[in-house]
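# Summary of structural features
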Amino acid sequence: MKVKLLFFAALREQLGTAGEEIELPAGVTTLAGIREHLRARGGNFEKAFSGKALVRVALNQEMAQPAAQIKAGDEIAFFPPVTGG
Amino acid sequence: MKIAVQREDFDAGAEMRALSRDPKVGAVASFVGVVRDVPMTLEHYAGMTEREIGKIVDEAKSRWQVMDCTVIHRIGDLKPTDQIVLVAMASEHRGDAFAACEFVMDYLKTRAPFWKREQTADGARWVEARASDDQAADRWRQEKSDAAGG
C-alpha cells in the first residue's frame, strides 16, 4: 500500500526532508504502525519518532488518533505541536 | 465569511468595516496579533490550515450568534511590529462577538497547523508550544460542559 508522508517545521528540519511517497509493508495499517515503521529506520527517524517525542499526526488533513486506519493514497502529515496565532 | 492565509499585510480597519455593512450587525469584536521583539518566519500546512480554521469558525457559530466573520493569518517572513493574525466577529450584540472572537483565537493557537521559527541573535529556533495556550483552549471545553450540566 502506497501513501504520501509530509513532515513540517522542526520535524522536517530534523529529518532533512519535507515528505515522501512510501510503500508500506503488509501489516502496517494504522498511524501508530507508520510511526513505528519510521522509527525503526534508525538515525534521525528513530530520534524524531521515539516514544518521548511530541509528534502530532494528521490523516488527509484532519487531526487523527494513533489507532486510525489508513488506506492506499492517504496523505499523512507528522508535525510538532502548533505555534501559530 | 472570509478565511485567508497570506503573505501580504492586511488592513484591519477595512476588514472590520466590511463586516459591519449589514445593518443588523450591532457589534464587531476583533483581535490583532503582532510580532513582538524577534523577527520570525511562519510556516503552515497549506490546505489543512484553511480547513482547520473553517472548522473552528463553524464551532464558534454553533455556540454564539455570529453573523459574519473574518480570519486572516499571515505566513512567511515577519519582523517586529508586523501584524500576524486578525480575527474579527460580527454579531448583533457585543457579548457574542467578544466570546466568539476569543474562542476562535484560543483554538487557532492550538489547532491550526502554523509553526513559528524565530531569528534570534543566537540563531534560528522553532518556537515551542506553550501549555498556557492549551489551557486557554481547554477552558472553553470546560465552560461548555458546565453549561450543558447546569
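Below is a summary of the structure that appears in this document. (Residues numbered from 1 in each chain as written. Chains lettered and ligands numbered in written order. Predicted model: local features only at pLDDT ≥ 70, side-chain atom pairs only at ≥ 80, totals over all residues.)

## Some details on the overall build of chain B
Scanning chain B from N- to C-terminus turns up four helices and eight strands. Overall, chain B shows an N-to-C arrangement of helices and strands of β-α-β-β-α-β-β-β-α-β-β-α. Each of the three principal axes of chain B carries a C-alpha extent, and together these read 50 × 35 × 25 Å. Sorting the 150 residues of chain B into buried and exposed places 35% on the buried side. (Helix = DSSP H or I, 4+ residues; strand = E, 2+ residues; numbered from the N terminus. Buried ≥ 20, exposed ≤ 12 C-beta atoms within 10 Å, placed from the backbone.)

## Things to note about the overall build of chain A
Helix and strand counts for chain A come out as three helices and five strands. Helices and strands in chain A line up, N terminus first, as β-α-β-α-α-β-β-β. A compact globule built from 85 residues should have a C-alpha radius of gyration of about 12 Å, and chain A, at 12 Å, falls within 12% of that. Seen through its principal axes, chain A has C-alpha atoms that stretch 35 × 30 × 20 Å. (Rg over C-alpha atoms; globule rule 2.2 N^0.38 Å.)

## Things to note about the packing of helix α2 (residues 48–63) of chain B against helix α3 (residues 94–111) of chain B
Residue and element names in this part refer to chain B. Running from N to C, α2 and α3 cross one another at 150°; their axes reach a closest spacing of 10 Å. Judged by the angle between their axes, α2 and α3 are roughly antiparallel. Between α2 and α3 the crossing geometry is right-handed. Here E52, I53, I56, V57, A60 and R63 of α2 come into contact with α3, specifically with A100, F103, V104, Y107, L108 and R111. (Axes fitted to C-alpha atoms, helices over the stretch in contact; angles between N-to-C directions. Parallel < 35°, antiparallel > 145°, perpendicular 65-115°, else oblique. Left-handed = near helix turned anticlockwise from the far one by under 90°. Contact = placed C-beta atoms within 7 Å.)

## Details of the sheet that holds strand β6 (residues 83–91) of chain B
Adjacent strands of a sheet form backbone hydrogen bonds with each other and so pair up, either parallel or antiparallel. Residues and elements named next belong to chain B. The four strands lie next to each other as β1-β4-β6-β2, forming an open sheet whose pairing is mixed. Bordering the open sheet on either side are β1 (2–6) and β2 (27–34), each of which pairs with just one other strand. Each strand axis lies, on average, 5° off the axis of its neighbour in the sheet, ignoring direction. Inspection of the sheet shows β2 paired to β6 by eight bridges, in the antiparallel sense. Note on β6: the bridge partner recorded for F31 is V87. (Pairing = 2+ DSSP bridges.)

## Looking at the sheet that holds strand β5 (residues 76–78) of chain B
Residues and elements named next belong to chain B. Read across the sheet, four strands follow the order β5-β3-β7-β8 without closing on themselves; strand pairing throughout is antiparallel. On the outer flanks of this sheet lie β5 and β8 (123–126), each paired with one strand and no other. Each strand of the sheet is rotated relative to its neighbour by a mean of 25°, with strand direction disregarded.

## Thoughts on the interface of chain B and chain A
Listed as interface residues are 22 residues of chain B and, on the opposing side, 13 residues of chain A. Looking at the side of chain B that touches chain A, the elements that each hand over two or more residues are β3 (40–44), α2, α3 and β7 (114–120) of chain B. Among the elements that take part in the side of chain B that touches chain A, α3 of chain B stands out by supplying five residues, more than any other. Of the residues contributing to the side of chain B that touches chain A, the split by class is 13 nonpolar, four polar and five charged. (Nonpolar A, V, L, I, M, F, W, Y, C, P; charged D, E, K, R; others polar.)

## What about the nonpolar core?
Membership of the largest hydrophobic core comes to 54 residues, with the highest contact counts inside it found for F8 and L11 of chain A together with V87, M89, A100, C101 and V104 of chain B. The biggest single contributor to this core is α3 of chain B, with nine residues. Look past the residues within four positions of V87 of chain B in its chain and what remains in contact with it is S30, F31, V71, C101, V104 and M105 of chain B. (Core = buried A, V, L, I, M, F, W, Y, C linked by C-beta atoms within 7 Å.)

## Here we look at the pairing of β7 of chain B
Every regular strand shows the same layout, with side chains that alternate between the two sheet faces. Residues and elements named next belong to chain B. Relative to β7, β3 runs antiparallel, the two being bridged by five bridges. For M40, the partnering residue across the bridge sits in β7 and is E118. Sheet topology places β7 next to β8; four bridges connect them, and they run antiparallel. Paired with E118 across the bridge in β8 is R125. From the end of β7 to the start of β8, which pair antiparallel, there are two residues.

## What to know about the environment of T30 of chain A
Residue and element names in this part refer to chain A. Along the chain, T30 turns up in the loop between β2 (19–23) and α2 (31–39). For the pair formed by T30 and R56, sequence separation is 26 residues and the distance between their alpha carbons is 14 Å. In contact with T30, not counting residues within four places along its chain, are P66, A67, A68, Q69 and I70.

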